[in-house]
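Residues per chain are reported as follows:
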Amino acid sequence: MVAVVLANLDAIDWKSLRHAYGEASDVPKLIRALVSDHPGKREGALDALFSTIWHQGTVYSASPAAVPFLVELLDADAQEDLPAILELLTHLATGAPDEDAEAAPNPAAAAREAVSRGISVYARRLGHPEPAVRVAAAYLLGLFAVEEARAPLAAAVEDDDEPAVRAVAAFALGCIADPARADELRERLVDISEHPAVRLYAGLGLARGGAPVEGPQFAALAELVEDVDLFGQLDELHDNAARMSYGPLADGLLRLPAAARLRLAPALGRALEAVRGRDALGLATALLGLAFADAAVPAGASAEALGAVQREALASLVRAPAAWRYANIGVALRDIGLAPALTERAALAEWLGVDPSELAGDDEDDDGDEAGEGDEDEEDAGVDVEAPEPDLGELDRIGRFVACLDGQDWREARQWFAFYQQMRGVARVEPPAIGRYFGAHANLEAGYWLYDRELSRSLGTCVPLEHIRLAVGRKDSDDQVALRIRVDDDCLDAVLAAIVRHQDRVTPTDFTALAIDLIGAAPEVLLETGRAQRARLGRAAGSA
């Protein structure tokens, strides 16, 4: 069946359609890559689809055209990466139209309609043996208020043996519940014999769907939100099944009456301080929404002018290190009225009067690591320093780096650079450019850096060093190696040419030819073979 579906890809006039970066002629190639036997190719194709046909919440004319093929792949027995495909369909169904597109036809409405035609497929995936697939399918079904979606969700809430699946199914069902099923979920919310995550998600789903949560139901919901330990359990449930952002749950909280929101905000703040996963950003955004839904920070106001709940919400945020790993938190803080100068953690803490000793570091070890960098040993963690702003020459070289990698099918390069340019002067984003390539023998990752991060952290001051860090092999593998290549205006093009020349041949155990080419092109090349192990390979006039 996959072959038949993909054979129809060429029936679409993709050149006439657009995605986030222009003409959508590359979409068929990306969709075909989803059935590759090579995991890296599938991962690369998914990354590209997540940033082209859906990009930061926006959909385009190519988006609805791609949906039927994704749904058909989802229905294929041997298809891999089902949770990611389900997540992509969820984003496509909830995206906003491209502001630059013509008024009609509306790509967002067309994409949602196209996704809705696959409800029966998503319902069947609720029976998949992997909990991650069932979680993603349940959440997608919760976007469509029809009995064809409600019935399988109700069955999953009742019968699934995985708490994470039952919890997300309860949330999804609450969002689209008819009166009878809303009553059933209210009973489940106050049933103390039920798993607490299922109770919490049921209540928040009802609130998000607009169903009243009052009296004993609200009391039960408040008690669950105030249970800090429960949020740790939710992190574990997400890790064991599939990640469901706290963002959708925040929507449920924001539908509650103002008095209820303010009552729950302090408890959510305590939960945020306790959470150390990547979902901390979503939880932080939820907290800010609860505390500032009815009143933003007045221009020029002092911290003392805020309400007690608002001050404590911001204090909880600055005490939650995991939330500050992403530039998005600065955007959320500006959205509630804070001046740009107060969107840095230390500055906000000082404004609030929070003791610096309360600003714990983030010791979470997950995929949120800064691109192009491995984890540091705990004893060598050092002190964070602010990255330097590039001058015009450095900015030009970063642009050349991005253009070269983007032209060679390195994923994410231009997305990172565009995001960097968008955030300049607003929040620190590092590195300003990065690209990932899924080669024939090893995954590659290249980051363009303006300073030596490790040495800077050790000394507590910025040490300028313009270089490309090229990692060979997966970041979480024991055999990954990395090359740090000093670059300047004279050698950059030759360095990039060497990387491209070897991108499909280099492996973590066979990178000699690449290293020799780089040594001949760059002023200096360093080899990293482990966390604290480096060897200087040579200079342009030297030898390895």
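In what follows, the structure referred to is the one given above.
Residues numbered from 1 in each chain as written. Predicted model: local features only at pLDDT ≥ 70, side-chain atom pairs only at ≥ 80, totals over all residues. Heavy atoms only, no water.

(A) Spotlight on the sheet that holds strand β4 (residues 58–59). The three strands are arranged β3-β4-β5 in an open sheet whose pairing can be described as mixed. Here the strands that pair on one side only, and so sit at the sheet edges, are β3 (54–55) and β5 (96–97). Strand direction decides the pairing type here: β3 and β4, joined by two bridges, are antiparallel. By the bridge assignment, W54 is partnered in β4 with V59. (Pairing = 2+ DSSP bridges. Helix = DSSP H or I, 4+ residues; strand = E, 2+ residues; numbered from the N terminus.)

(B) Structural context of the packing of helix α13 (residues 215–225) against helix α16 (residues 258–274). Their axes nearest at 9 Å, the elements α13 and α16 cross at an angle of 25°. Relative to α16, the element α13 is oriented roughly parallel. On α16, the residues touching F218, A222 and V225 of α13 are A260, R263, L264, A267 and L268. In terms of residue class, the contact of α13 with α16 is built from seven nonpolar, no polar and one charged. (Axes fitted to C-alpha atoms, helices over the stretch in contact; angles between N-to-C directions. Parallel < 35°, antiparallel > 145°, perpendicular 65-115°, else oblique. Contact = heavy atoms within 4.5 Å. Nonpolar A, V, L, I, M, F, W, Y, C, P; charged D, E, K, R; others polar.)

(C) Main features of the packing of helix α11 (residues 179–189) against helix α12 (residues 196–208). Contact geometry of α11 with α12 gives a least axis separation of 8 Å together with a crossing angle of 140°. The pairing of α11 with α12 is recorded here as oblique in orientation. Our pair here, α11 against α12, has a crossing hand that is left-handed. Residues A182, L185, R186, R188 and L189 of α11 form the contact with α12, whose participating residues are V198, R199, A202, G203 and L206. (Left-handed = near helix turned anticlockwise from the far one by under 90°.)

(D) Quick peek at the nonpolar core. Ranked by internal contacts, the top residues of the largest apolar core, which has 128 residues, are L89, L92, Y122, L314 and L333. Considering each element in turn, this core owes the most residues, 11 residues, to helix α10 (residues 163–176). The contacts of L92, once residues within four sequence positions are left out, are I53, W54, V59, S63, V67, L70, A111, R112 and V115. Of all hydrophobic cores here, the second largest spans 38 residues; its members include A413, Y437, L450 and I519. (Core = buried A, V, L, I, M, F, W, Y, C linked by side-chain atoms within 4.5 Å. Buried < 20%, exposed > 50% of the residue type's maximum accessible area, 1.4 Å probe, protein only.)

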